[in-house]
Amino acid sequence: MKPTLLLPLLLAAALPAQREHVVRWTGVIDNIARSGTGILVMGDLDKDGVDDYAVGGPGTLSSPNRAGTVELRSGATGKILRKWDGDVLQRYFGWALGRIADLDKDGLPDLIVGTYYYPYTSSTPPGEVQVFSTGTGKELLQFSPPLGHQYLGKSVAGIGDLNADGVPDILASSQTGSSKSTGQVLALSGKDGTVIHSFTGTNEDTNFGQVICVLPDLDNDGVEDIAIGIEQTSNPLRSRVNVFSGKKGSWLFDCGPLGNAGLVSTLISIPDMDNDKQPDLVVGISLVSNTGFSRYGDVEVWSTGTKKLLWRMRTPNASYVITTFGESVDWTPDRDGDGLPEILVGDAWFRSQGGVHVFGSKTRSLLQSITPPWSAASLCAAGERIAMIGDVDGNGSLEFIACCHRPDTTTSHQPGVLTCSLDPIDLSVEEEEVSLFQGGKQQIFVHAGPQRAGSLVLMLGTASGTNPGIPVGSETLFLNADSYFSFTLAAPLAVLWNNLSILDANGDGSVGFVLPTGLPP
């Protein structure tokens, strides 16, 4: 792919009023989402019309004991609905969370809690998986590692009925040895804990099973299937995703190798992105590059039909020395009218304070970035874990929740959960690519909808990257105020071929620019 200049569009006469994205701050348990799953939407448990969520804190900032805590919180108010505390020191209770269909027949889904570091003794290997009723709070099931296994429960997930006994089942990671190359994923009966399937990587695989995702039925056998993230230690280091049949336990296909070395940190299923009538897979890859303290991340979208890479996203702040872009991802139903869902990406080290980026799927462009409302010096790591939760305040906008695992030293905020609104999206573009070396014209077509009729569109450019960007109220334009930016701003019509235009009655229009030849890549 040829390098291009970054050219954000500014809808000049129709900029929305500055708004506060944060709907609510909920301070919760210490060390929230420091590691592990962190946060999980559970559905409407208290019947108030708004989904609720579970949040896990496997340890505390103030104590080395790390017994751990899990809370159920109201999505509407942030109120604690239920709470469970770990009862053994060094247990890391709440490291992993999963949702399973109703086991105790009370009409509510139940909660799986993985505690992978339950204290080791000569007779008891570490690890435990428990299932709790969200209705009564009672423990429904408890599983210890099967013979020859340890560290059970570093990742967990609920899945449908794999063995046709009428009861939903459970997925849990484990190890058969002390090294990361001995990872497995066990499918456990939700009735009695019997091992239904055991999924195993190769000798070159590390962290096999650290991330598990339940997929819709891909092989048309009536049972959900399973995606498992792994690293491969061959040279060059590459990560990939194994996909297995949930019914048969057999390997179906791989997605990979993924584009860069790094840890598969999250997997989600997403509706069909390539029109092959199959759901697709989003893979978050954190710590892609380690050079000194440099850490970057990728997010890739893979077709489960063609097994091909559809799209790769990178942080808009790649020039910053540390970013964990891709450590968590989620998606939201189509809001920009392109018929495809948008993708949310958590970036816990974005400009020191963390943030969440929203990408359009058709244009494959960044639509917005949302950061906490307080100082960047707070180092609150917002976005290490994110999840869409729906419209929690009834104003018609969708919200997401994001974990902040570090205390804000500049305010009274402690580790907790941000509930944030997504701005309505009514702007999309069709871009063409121009080589920096060859130069040429580039035209961008804007479709903003009738409500934007008569609005001005101003296109600005930068030649020096996106960091630190230009603040505009509470938002940031991801371009720099360099000489090329000043050039595009100073001569919008005469020199750069119509990079200032007026949208027609349908809210459609186009802008363009001329790129000189010989620019360095």
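Above this text you will find the structure in question.
Described in the following lines is the structure provided in the data block.

Conventions used here
- The written sequence of each chain sets the order in which its residues are numbered from 1.
- The predicted nature of this model means local features are confined to residues of pLDDT at least 70 and side-chain atom pairs, given and counted, to a pLDDT of 80 or more, with totals for whole chains, interfaces and linings taken over all residues.
- Only heavy atoms go into the side-chain values, all of them from the structure, while hydrogens and water stay out.
- DSSP bridges decide pairing: two strands pair if at least two such bridges lie between them.
- In this description a helix means any DSSP run of H or I spanning at least four residues, a strand means any run of E spanning at least two, and both kinds are numbered starting from the N terminus.
- Here an angle of 0 to 180 degrees is reported between the N-to-C directions of two axes, which are lines fitted to C-alpha atoms, with helices fitted over the stretch in contact.
- Buriedness for pockets is judged along seven lines, at least five of which must meet protein on both sides within 12 Å for an open set on the 1 Å grid over protein atoms alone, while cavities are sets there where a 1.4 Å probe fits but cannot get out, and lining residues have an atom within 4 Å of a point.
- Grid points are joined across faces, edges and corners, and a volume is the space filled by probe spheres set on the points.
- Residue polarity is assigned by list, with Asp, Glu, Lys and Arg as charged and Ala, Val, Leu, Ile, Met, Phe, Trp, Tyr, Cys and Pro as nonpolar; anything else, Gly included, falls into the polar class.
- The cut-offs for exposure are 20% and 50% of the maximum accessible area for each residue type, with area from a 1.4 Å probe on protein chains only; residues under the lower value are buried, those over the upper are exposed, and the others partly exposed.
- Any carboxyl oxygen of Asp or Glu within 4 Å of a side-chain nitrogen of Lys or Arg constitutes a salt bridge here.
- We define the nonpolar core as a collection of buried residues of types Ala, Val, Leu, Ile, Met, Phe, Trp, Tyr and Cys that are connected through side-chain atoms lying within 4.5 Å of one another.
- Residues are treated as being in contact if the distance between any of their heavy atoms lies within 4.5 Å.

Points about the sheet that holds strand β20 (residues 280-286)
- With antiparallel pairing, 4 strands are arranged side by side in an open sheet as β19-β20-β21-β22. In the strand order of this sheet, the two ends are held by β19 (263-270) and β22 (309-314), each with one partner. Here the average twist between neighbouring strands, direction ignored, is 20°.

Comments concerning empty space enclosed by the protein
- In this structure the tally under the stated criterion is 3 cavities of 30 Å³ or more.
- Put simply, the largest cavity is a space of about 110 Å³.
- Residue lining of the largest cavity: 11 residues in total, with K154, Q175, N207, F208 and Q210 positioned closest to the centre.
- Of all the elements in the fold, those that place two or more residues in the lining of the largest cavity are β12 (169-175) and β15 (205-215).
- At 4 residues, β15 tops the list of elements feeding residues into the lining of the largest cavity.
- Taken together, the residues that form the lining of the largest cavity break down as 2 nonpolar, 7 polar and 2 charged.
- The computed volume of the second largest cavity comes to approximately 50 Å³.
- Together, G355, V356, I370, T371, P372, A382, F400, A402, L418 and C420 line the second largest cavity.
- Elements with a minimum of two residues in the lining of the second largest cavity: β25 (355-359), β28 (399-404) and β29 (416-421).
- When grouped by side-chain class, the residues that make up the lining of the second largest cavity number 8 nonpolar, 2 polar and no charged.

Here's the deal with the pairing of β28
- Judged by how many residues are buried, β28 sits mostly within the fold: 6 of 6 residues are covered.
- Where burial is concerned, the two faces of β28 agree: the one with E399, I401 and C403 and the one with F400, A402 and C404 are both buried.
- Two strands pair when backbone bridges link them, and strand β27 (residues 386-390) and β28 are joined in this way by 4 bridges, in the antiparallel orientation. In the sheet register, I386 faces β28, and the bridge partner there is A402.

As for the pattern of salt bridges
- The tally for this structure, following the rule as stated, stands at 6 salt bridges.
- Measuring nitrogen to oxygen at the nearest pair gives 3.4 Å for the salt bridge that ties K248 to D221. Of this pair, K248 sits in the loop between β17 (238-244) and β18 (251-255) while D221 sits in the loop between β15 and β16 (225-232); the two residues are 27 residues apart in sequence, bridging distant segments of the chain.
- Among the residues examined, K248 registers a relative accessible area of 53% and is labelled exposed.
- The class for D221 is buried, based on a relative accessible area of 16%.
- When the shortest N-O distance is used, the salt bridge between D298 and R312 registers 3.9 Å. Of the two residues, D298 is situated in strand β21 (residues 298-302) and R312 in strand β22; the sequence distance between them amounts to 14 residues.

Regarding the nonpolar core
- Judged by nonpolar contacts, the single largest core of 18 residues is most densely connected at I112, V129, V131, F143 and I170.
- Going through the elements one at a time, β7 (96-100), β9 (128-132), β10 (139-143), β12 and β13 (183-188) are the ones with two or more residues in this core.
- Filtering out sequence-adjacent residues up to four positions away, V131 remains in contact with I100, L103, D110, L111, I112, K138, E139, L140, L141 and I170.
- Counting residues in each nonpolar core, the second largest holds 16 residues, with C255, L258, V264 and L281 among its members.

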